[in-house]
Amino acid sequence: MKHLIFVGAGHAHLYPLSRARDFVAAGIRVTLIAPGKFWYSGMGPGMVSRFYEPKDDTVDVRALVEQGGGAFIKDEVVRIAPSGREIHLRGGATMQYDALSLNVGSEVPLHAIAGAGDFGVPVKPIKNLLALRERLSTDKRSEELRVVVIGGGAAGSEVTANIWHLLERAAIASRITLVHSGDRLLEEATSCAARKLTGYLECLGVEVICGAKAERVREGNVELKDGRSIPFHHLVVASGIRAPALLAESGLPCAQDGSMRVNAFLQCPDFREIFGAGDAICFADKCLPRIGVYAVRQAPVLHANLLSYLAGEPLQRFKPQQRYLLILNLGDGTGLLTRGRFMLRGRCAFLLKDWLDRRFVRRFQTARV
């Protein structure tokens, strides 16, 4: 019996895992290896401001794969040996595969800022945001609470807004600073959207510092490259993401950022039995923006190609869309929506985001075979 192993329970794996019965019916043994539940990144910032709770944001992937006849192993892959078609688990086990699917997500490169890993909370994994919420909510010091967020992309900006609203509703006096190395916030969107976002945060009272690189973190202080020092009680790190070191360290063909190179079939060109999707892959010609919409759209193609590869049949091409919808949760029941050059700020934008996010998660929370 052929053995298909899924490593990681990210956005792109939920679809094939919910259809594990398709593989089992074809005589394929299915195993998922993941550290625990799936946490949906789209709702993460909203969890900070208590708009969402963990029950809204998580999927029980053990139940998802087991109800289709697959198996779940709660563990972490620490090494892939592609030449021998083996994976090595942190728990000490070694497993063989006939096909391997990698959806291992991304991580914040804390090593890029000296001391950030010692004193900061990275925005990934998403469950970190729940712990951050509890730490902020229970910090009852008499002085003004100082919070610094490093990184002004979508994640850092959303988290900053939701932290402000969390503390404001809890009547906790605070001073929040958002530090971004780029010339403007939200560089993945238009300059108009960036101005709108910056204006919103500054109206809340957030200090927005752009064009300033965080060079070192010491206990209670972020030191900028220009010599300035910003004090903090709580530090959040959202300074970009990169693929886990597992891929490059395992000898897989990787781009400069550590993401595994794949062809149009989501297949590793050097080891055709290995497939990948989501944040941890890069196409030969370019890397896509690391947003969930691409992983979600890759999922049906990945599912079909895993079945086809194991049956010796032709594979499907994944064709990424040119433009994508990006909606930020601003923490007050409004959102900032961008798609190409179109932008919308307001309640309608948030309601659309909330509907899309809840629909996606519930689809797999209630999946049945």
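Cut-offs used in this document
Residues numbered from 1 in each chain as written. Predicted model: local features only at pLDDT ≥ 70, side-chain atom pairs only at ≥ 80, totals over all residues. Heavy atoms only, no water. Phe/Tyr/Trp six-rings, centres within 6.5 Å; stacked < 30°, edge-to-face > 60°. Helix = DSSP H or I, 4+ residues; strand = E, 2+ residues; numbered from the N terminus. Buried < 20%, exposed > 50% of the residue type's maximum accessible area, 1.4 Å probe, protein only. Lys NZ or Arg CZ within 6 Å of the ring centre and 35° of its normal. Pairing = 2+ DSSP bridges. Axes fitted to C-alpha atoms, helices over the stretch in contact; angles between N-to-C directions. Contact = heavy atoms within 4.5 Å. Left-handed = near helix turned anticlockwise from the far one by under 90°. Nonpolar A, V, L, I, M, F, W, Y, C, P; charged D, E, K, R; others polar. Patch = residues over 30% accessible without salt bridge, like charges linked within 9 Å, V, L, I, M, F, W, Y side chains within 5 Å. Areas by Shrake-Rupley, 256 points an atom, 1.4 Å probe, with all protein chains shown as cover. Salt bridge = Lys/Arg side-chain N within 4 Å of Asp/Glu carboxyl O. Core = buried A, V, L, I, M, F, W, Y, C linked by side-chain atoms within 4.5 Å.

**Student:** Requested: an account of the packing of aromatic side chains, with residues and values cited.
**Tutor:** Counted under the stated rule, the structure contains nine aromatic pairs. Ring geometry for Y40 against F360: centres 5.2 Å apart, planes inclined by 35 degrees, an arrangement best described as tilted. With Y40 in the loop between strand 3 (38-39) and helix 3 (44-48) and F360 in helix 12 (residues 347-365), the pair connects residues that are 320 residues apart, well separated along the chain. Ring geometry for Y294 versus Y324: centroids 5.9 Å apart, planes at 70 degrees, classification edge-to-face. One end of the pair, Y294, is in helix 11 (residues 292-311); the other, Y324, is in the loop between helix 11 and strand 21 (326-329), with 30 residues separating them in the sequence. An identical accessibility class is assigned to Y294 and Y324; each is buried. Each residue in the set F38, Y40, F360 and F364 is aromatic and connected to the rest through ring pairs, giving one cluster. Between R19 and the ring centre of Y15, over which it is positioned, the NZ or CZ distance is 3.9 Å.

**Student:** I'd like a rundown of the sheet that holds strand 19 (residues 274-276), residues and numbers included.
**Tutor:** Within the open sheet, the five strands sit side by side as 5-2-1-9-19. Their pairing is parallel. Single-partner strands in this sheet number two, and they are strand 5 (71-74) and strand 19. The mean angle between the axes of side-by-side strands here comes to 20 degrees, regardless of whether they run parallel or antiparallel. Bridging between strand 2 (residues 28-34) and strand 5 involves four bridges; their strand directions are parallel. Note that in strand 5 the partner of I33 across the bridge is I73. Set on the sheet, helix 1 (residues 11-18) makes contact with strand 1 (2-7), strand 2 and strand 9 (99-102); between it and strand 1 the angle comes to about 145 degrees.

**Student:** Tell me what's going on with unusual backbone geometry, and back it up with residues and numbers.
**Tutor:** Cis geometry marks the peptide bond from K124 to P125; its omega dihedral reads 0 degrees. Tracing the backbone through its elements, the reader meets P125 in the loop between strand 10 (121-122) and helix 7 (127-137). The phi dihedral of R85 falls on the positive side, at around 50 degrees, and the residue is not glycine. Here R85 shows up in the loop between strand 6 (77-81) and strand 7 (86-89).

**Student:** Report on the sheet that holds strand 17 (residues 234-237), specifying residues and quantitative values.
**Tutor:** Ordered by their spatial adjacency, five strands build an open sheet running 10-17-11-12-13, and the pairing between neighbours is parallel. At either margin of the open sheet sits one strand with a lone partner, and together these are strand 10 and strand 13 (207-210). As judged from the four bridges shared by strand 12 (residues 174-180) and strand 13, these two strands associate in the parallel manner. Of the residues in strand 13, the one forming a bridge with T177 is E207. Contacts between helix 8 (residues 154-169) and the sheet are confined to strand 11 (145-150), strand 12 and strand 17, with strand 12 contributing the most and set at about 180 degrees to the helix.

**Student:** Tell me about the packing of helix 1 against helix 12, and name the residues and values.
**Tutor:** Close contact between helix 1 and helix 12 brings their axes to 10 Å; oriented N to C, the two are set at 35 degrees. The element helix 1 and its partner helix 12 pack so that their crossing is left-handed. Note on element contacts: helix 12 touches helix 1 through F360, R363 and F364, opposite H11, L14, Y15 and S18. The residue makeup of the contact of helix 1 with helix 12, split by class, is four nonpolar, two polar and one charged.

**Student:** Please give an account of a nonpolar patch on the surface that cites residues and values.
**Tutor:** A cluster of nonpolar side chains, contributed by L325, L352 and W355, occupies part of the molecular surface with about 270 Å² of accessible area. Its place among the elements puts L352 in helix 12.

**Student:** Describe in detail the nonpolar core, supporting the description with residues and values.
**Tutor:** The tendency in soluble globular proteins is for nonpolar side chains to be buried as a group. Judged by nonpolar contacts, the single largest core of 114 residues is most densely connected at I87, I163, L186 and L201. Among the elements that line this core, the one with the most residues is helix 8, at seven residues. Apart from the residues within four sequence positions on either side, L201 is in contact with S157, T160, A161, L178, L185, V206 and V208.

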